[in-house]
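Secondary and tertiary structure notes
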Amino acid sequence: MATQPDLQPPNENDAFREEVREFLAANFPSELRGKGSALAGVDGPTEESEAQRKWREAMGSRGWGTPTWPKEYGGGGLSRRQAAILNEEMAKAGAYNPIGGMGVMMFGPTLLEYGSEAQKKEHIPPICRGEIRWCQGYSEPNAGSDLANLQTTAEDKGDHYLVNGQKTWTSGGQWADKCFCLVRTDKSDKHKGISFLLIDMDSPGVEVRPIQMISGMSPFCETFFTDVKVPKENLVGEEGQGWTIGKRLLQHERTNLSGGGSLARMMGASLADIAKKYVETDETGAIADKVLRDRIADFEIRWNAFLLTARRATEESKAQGGVSEISSVLKKLGTKLGQERAELTIEIMGLQGLGWEGEGFTEAELAGVRAWLFGKATTIYGGSTEIQNNIIAKRVLGMLDHQ
Amino acid sequence: MAVLNEEQEMLRDMARDWATNESPVAAFRKVRASGAPEAFDRDAYTAMGQMGWTGIIVPEAHGGSDFGWLSAGLVVEELGKTLTASPLVATTLAATAIVLGGSEEQKAKWLPKLASGEAIGTLAIDEGPHHNPAKVAASVSGGKLSGTKAFVHEAHGADLFVVAATDGLYLVEKGDGVSLSTRKLTDQRSHAEVTFDGAAADKLAGGGDSLVEDVLDRARILTACEMLGMAQAVFDTTLEYLKQRVQFNQVLATFQALQHRMADLFGDLAMMRSAVEGGLQALDSGFGVPRAATIAKAEANRVLHAISREGVQLHGGIGMTDEYDIGFYLKRARVVEASWGSSAYLRDRFARIGGY
Ligand SMILES: Cc1cc2nc3c(=O)[nH]c(=O)nc-3n(C[C@H](O)[C@H](O)[C@H](O)COP(=O)(O)OP(=O)(O)OC[C@H]3O[C@@H](n4cnc5c(N)ncnc54)[C@H](O)[C@@H]3O)c2cc1C
């Protein structure tokens, strides 16, 4: 999304830092220190406490949950530098950003770019305030990696579209208020027949059925549309422009996923610290099993090289004023390493690291198992590793398809 | 690629032009054909000295430019791309030992000559085929050094050896008490077993307890720069080849099995570059050098190993020929991988630094 260049003199940023500190002192409830957002969990929403609600409203009314989005639509209107200051100060105060989800990560930035004035006015402010939850209606039973094969139809009925079809793997579908959807408005052209449509999840004819995952959680659903009436003004862009808009949204999704480290961070302590707790150490305090020690070091070295790569991608993109070509490898590298780390963690813990529920396991151990299983999704969604490889080979390396 | 300032960009471009035009792989073939054990072109090295590359990390007061490690690394990387055979890395490392541990007198005596390219220096640390600075038997008594050093790089051209003895680093000049026995390795560069038999030795008394490791960390990082250049060159050459070689009526680059292998290597190469540049930046900032050096050389080992292997495979039969360059990279790769720390050595060191 567009951000203002950093033209402010440094003293102006000092004043801003002071403003942030005062805001945090006045509004961040100390009981929430070090706690994450209620909306951000992978296992669905938990009840929002009074303190959490207050904090969300305080941040939302300033637009600071979406700090660099334009002020006129409820964003913070901050420069990148100011947003960084906000982050730094929040980290110091143990505060978190209570505004998140797919609306912030992918839909908002896309709508700011492609939406009409009326659509931006309607949909962006509630995202900035953290009031509306969005879900993503892209995948279908026969349209996964080959997304453009989607068959859910939207038929032009004059003042509205009539939508019929099935979506699947809809994350958070059972809790979402609205869905941004790719639908077919023209059967004669695979790509140009796709349109980008916004659908209210409480419209008559929308049905969601949660699907249980290998991790035991049910964070995604099958979503059925049967004769769902969708007002014409919910079309984003032109009819047939859905593929272009939809792909742009996927770029935002990948940027957010490519941290990849979120999984590793979820697992907390360093591998060496975990190992010292679960396996024997020698008289010097080193891990006694030299093979395991070697594998941990091997992983940590590559993990560090990945973190350096993520930093380099940011620096290069900033210096070039465009996306650095190595950004294309971040998703595949980060997700692979995150999974490797989870596997190694379990191996270090032995059977103690495979607890499913009940007695005999710490909370962290049980959470680790679920995270390991959920983490398998990271190389599948947001464009699988194989699809990333296709993109890197063709777009970055110029290895073209057979003509 | 790290974000460079204008000076660094100019330096990089100059090194790239020079390596491409004056020192392509064909130049290394000439060096090899000559059979001279010192295995480098004196005129080329003189040119490097004139361009200031031999003095990049030497302080201005001692005849260098003090441009810093990132700058030195850029030049070494470009020369690595064309397998330029020269004692530039070896001499830079000898100079850094003196910068870190030398007295004013030692600095005044050696640094200007090393910085100008007039004198050549090299490190003589290991005493066996595996890098292991903890296992040094060479010793000094009454200012005379005795011991044997194995596989000393660029030994044949060296005027000055920086030698590890049981109690630290010493400067030993070529001449009396120093004898060389050539060890021709697969990369066909200069390596020798060097025997010191009561050779006059001048201790590098400064630099503190960590001097040897500090010098070795610089060796790890600068060698990793050469490796980065080599890996980049093999990757680029292989990609070019896949784009023009036709089999089954289509260019090989259109086969997905090969596309994905190249995409994997591209990711590995990105990690290697980040790790190597991270090492150079650590040297320039002076912060976290041992850890950064270990990561840099370990990633360089891992990725160059994979790329040099895949490079030969993806060229098919032509990759097996001496006439084609790719095999030279493979042979040089294994030599630099084993120098200043194999992958296993570096993982052990990384764990030690991390306290596990
Ligand atoms: C936890 C989770 C949450 C999700 N959330 C959402 C959501 O909210 N909204 C939504 O719309 N979708 C969501 N998805 C769906 C996700 O986008 C798809 O699973 C993904 O696009 C892959 O499609 P698929 O499952 O049909 O697998 P397929 O496309 O059938 O792929 C199967 C295997 O074949 C490989 N493959 C496919 N095509 C190629 C090719 N051309 N070359 C080489 N290999 C290939 C794939 O990489 C994969 O390994 C979610 C998925 C998961 C796991």
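Residues numbered from 1 in each chain as written. Chains lettered and ligands numbered in written order. Predicted model: local features only at pLDDT ≥ 70, side-chain atom pairs only at ≥ 80, totals over all residues. Heavy atoms only, no water.

Which entries qualify depends on this criterion: UniProt positions are given in the numbering used here, feature names are shortened, and annotations may be inferred rather than shown by experiment.
Under an unreviewed UniProt entry, the name given to chain B is Acyl-CoA dehydrogenase, and the source organism is Pelagerythrobacter aerophilus. Regarding chain B, the relevant UniProt record gives this comment under Sequence similarities (unreviewed entry): "Belongs to the acyl-CoA dehydrogenase family."

Per an unreviewed UniProt entry, chain A carries the name Acyl-CoA dehydrogenase and comes from Pelagerythrobacter aerophilus. The UniProt entry for chain A carries the following comment under Sequence similarities (unreviewed entry): "Belongs to the acyl-CoA dehydrogenase family." Taken verbatim from the UniProt record of chain A, the Cofactor (unreviewed entry) comment is "FAD".

**Some words on the overall build of chain A**
Stated formally: Comment: elements are numbered from the N terminus, with helices defined as DSSP H or I runs of at least four residues and strands as E runs of at least two. Just to be clear, the radius of gyration here is over C-alpha atoms, and the globule rule we use is 2.2 Å times residues to the power 0.38. Relative accessibility thresholds used throughout: buried, under 20% of the residue-type maximum; exposed, over 50%; partly exposed, between the two (1.4 Å probe, protein chains only). When checking whether two residues touch, look at their non-hydrogen atoms; a contact exists if any pair is within 4.5 Å. Surface accessibility follows the Shrake-Rupley procedure with a 1.4 Å probe radius. Residue values consider only the protein chains on display as shielding.
In terms of helices and strands, chain A carries 12 helices and 8 strands. For chain A, the C-alpha radius of gyration of 23 Å lies close to 22 Å, the compact-globule estimate for 403 residues. Its C-alpha atoms give chain A principal-axis dimensions of roughly 80 × 55 × 50 Å. Per-residue burial for chain A yields a buried fraction of 50% across its 403 residues. Sequence separation of at least 24 residues holds for 69% of the intrachain contacts in chain A that already meet a minimum separation of 6. Here chain A has roughly 19400 Å² of accessible surface; of this, 51% comes from carbon and sulfur atoms.

**Some details on the site of the ligand**
Selection criterion: Think of it this way: one heavy atom of a residue within 4 Å of a molecule or strand is enough to make that residue near it. In protein, a polar contact means a hydrogen-donor-capable atom and an acceptor-capable atom, both N or O and within 3.5 Å, with residues adjacent in sequence counting only if both atoms are side-chain atoms; elsewhere, any N or O pair within 3.5 Å suffices. Domain extents, as shown, originate in an automatic or database domain assignment.
The environment of the ligand is formed by 18 residues, the closest being S139(A), S145(A), W169(A), S384(A) and E386(A). Neighbouring residues of the ligand are not confined to one chain but are distributed across chains A and B. The contact in question runs from a nitrogen atom of the ligand to an N or O atom on the backbone of Q136(A), over 2.8 Å. Between the ligand and S145(A), the relevant distance is 2.6 Å, taken from an oxygen atom to a side-chain nitrogen or oxygen of the residue. Elements represented by at least two residues in the shell around the ligand include exactly β3 (160-171) and α12 (385-396) of chain A. Per-domain counts for the shell around the ligand show at least three residues from each of domain 2 (134-240) and domain 3 (258-396) of chain A.

**Looking at the nonpolar core**
Residues and elements named next belong to chain B. Note the cut-off: Think of a nonpolar core as a cluster: buried Ala, Val, Leu, Ile, Met, Phe, Trp, Tyr and Cys residues, connected wherever their side-chain atoms sit within 4.5 Å.
In this structure, W53, L145, F161, L169, F196, M262 and M272 are the most contacted members of the largest nonpolar core, which totals 147 residues. It is helix α7 (residues 211-244) that contributes the most residues to this core, 17 residues altogether. Excluding residues within four positions of it along the chain, L169 makes contact with A97, I125, V162, V163, A164, K203, L204, L211, V212 and V215.

**Side note on the domain arrangement of chain A**
In terms of domains, chain A is made up of domain 1 (26-100), domain 2 (134-240) and domain 3 (258-396). On a C-alpha basis, the centres of domain 1 of chain A and domain 2 of chain A stand 30 Å from each other.

**Some points on the pattern of salt bridges**
Pairing between side chains of opposite charge can happen when their charged atoms approach one another. In plain terms, the rule: When a carboxyl oxygen of Asp or Glu is within 4 Å of a side-chain nitrogen of Lys or Arg, the pair counts as a salt bridge.
Throughout the structure, instances matching the rule amount to 55 salt bridges over all chains. Among the ionic pairs, R17(A) bridges to E89(A), the shortest N-O distance being 2.8 Å. Here R17(A) is found in helix α1 (residues 10-27), whereas its partner E89(A) is found in helix α3 (residues 80-93), with 72 residues between them in sequence. Comparing R17(A) with E89(A), the two get one shared label, buried. Between D187(B) and R332(B) there is a salt bridge whose closest N-O contact spans 2.7 Å. With D187(B) in the loop between β6 (178-182) and β7 (191-203) and R332(B) in helix α10 (residues 326-338), the pair connects residues that are 145 residues apart, well separated along the chain.

**Considerations on the interface of chain A and chain B**
Defined as follows: Buried area, as used here, totals the accessible surface that two parts lose on assembly, with accessibility defined by a 1.4 Å probe and the loss added over both.
Contact residues are listed per partner, giving 43 residues for chain A and 40 residues for chain B. Its largest share of buried area at the contact with chain B, chain A owes to I301(A), L397(A) and M399(A), together 20% of the area lost on that side. Between the two partners, chain A and chain B, sit 3 salt bridges. With a closest N to O distance of 2.5 Å, K332(A) and D264(B) form a salt bridge.

**Things to note about the side chain of E365(A)**
Residues and elements named next belong to chain A. Threshold: His is not counted here, nor are the chain ends, while Lys and Arg score as positive and Asp and Glu score as negative.
With respect to the helices and strands, E365 occurs in helix α11 (residues 363-375). No salt bridge is formed by the buried E365; the nearest opposite charge belongs to K277, separated by 6.1 Å. Looking at E365, its side chain comes within polar contact range of the side chain of Y278, at 2.5 Å. Here E365 is in contact with Y278, M349, Q352 and G360, once residues within four sequence places are set aside.

**Observations concerning the UniProt feature "domain: Acyl-CoA dehydrogenase/oxidase N-terminal" (unreviewed entry) in chain B**
Mapped onto this structure's residue numbering, the UniProt feature "domain: Acyl-CoA dehydrogenase/oxidase N-terminal" (unreviewed entry) falls at residues 5-118 of chain B. Taken end to end, residues 5-118 of chain B is 67% helix and 0% strand, and its first and last C-alpha atoms sit 29 Å apart.

**Focus: the domain arrangement of chain B**
Residue and element names in this part refer to chain B. Here is the rule we go by: Residue polarity is assigned by list, with Asp, Glu, Lys and Arg as charged and Ala, Val, Leu, Ile, Met, Phe, Trp, Tyr, Cys and Pro as nonpolar; anything else, Gly included, falls into the polar class.
Segmenting chain B into domains produces domain 1 (6-116), domain 2 (121-203) and domain 3 (211-353). Here the C-alpha centre of domain 3 lies 21 Å away from the C-alpha centre of domain 1. Contacts between the two partners involve 22 residues from domain 1 and, on the opposite side, 24 residues from domain 3. Carbon and sulfur atoms supply 71% of the area buried between domain 1 and domain 3, which totals about 2100 Å² over both sides. Of all residues in domain 1, R29, W69 and E77 bury the most surface against domain 3, accounting for 28% of the area lost on that side. The interface formed by domain 1 and domain 3 holds 4 salt bridges in total. Here R29 makes a salt bridge to D322, at a shortest N to O gap of 3.9 Å. On inspection of domain 1 and its partner domain 3, the count reaches 8 residue pairs in polar contact (both at pLDDT 80 or more). Of all the secondary structure elements, the ones that give two or more residues to the side of domain 1 that touches domain 3 are α2 (25-34), α4 (69-81) and α5 (88-101). Element by element, the count of residues in the side of domain 1 that touches domain 3 is highest for α4, at 8 residues. Across the side of domain 1 that touches domain 3, the residue classes tally to 11 nonpolar, 7 polar and 4 charged.

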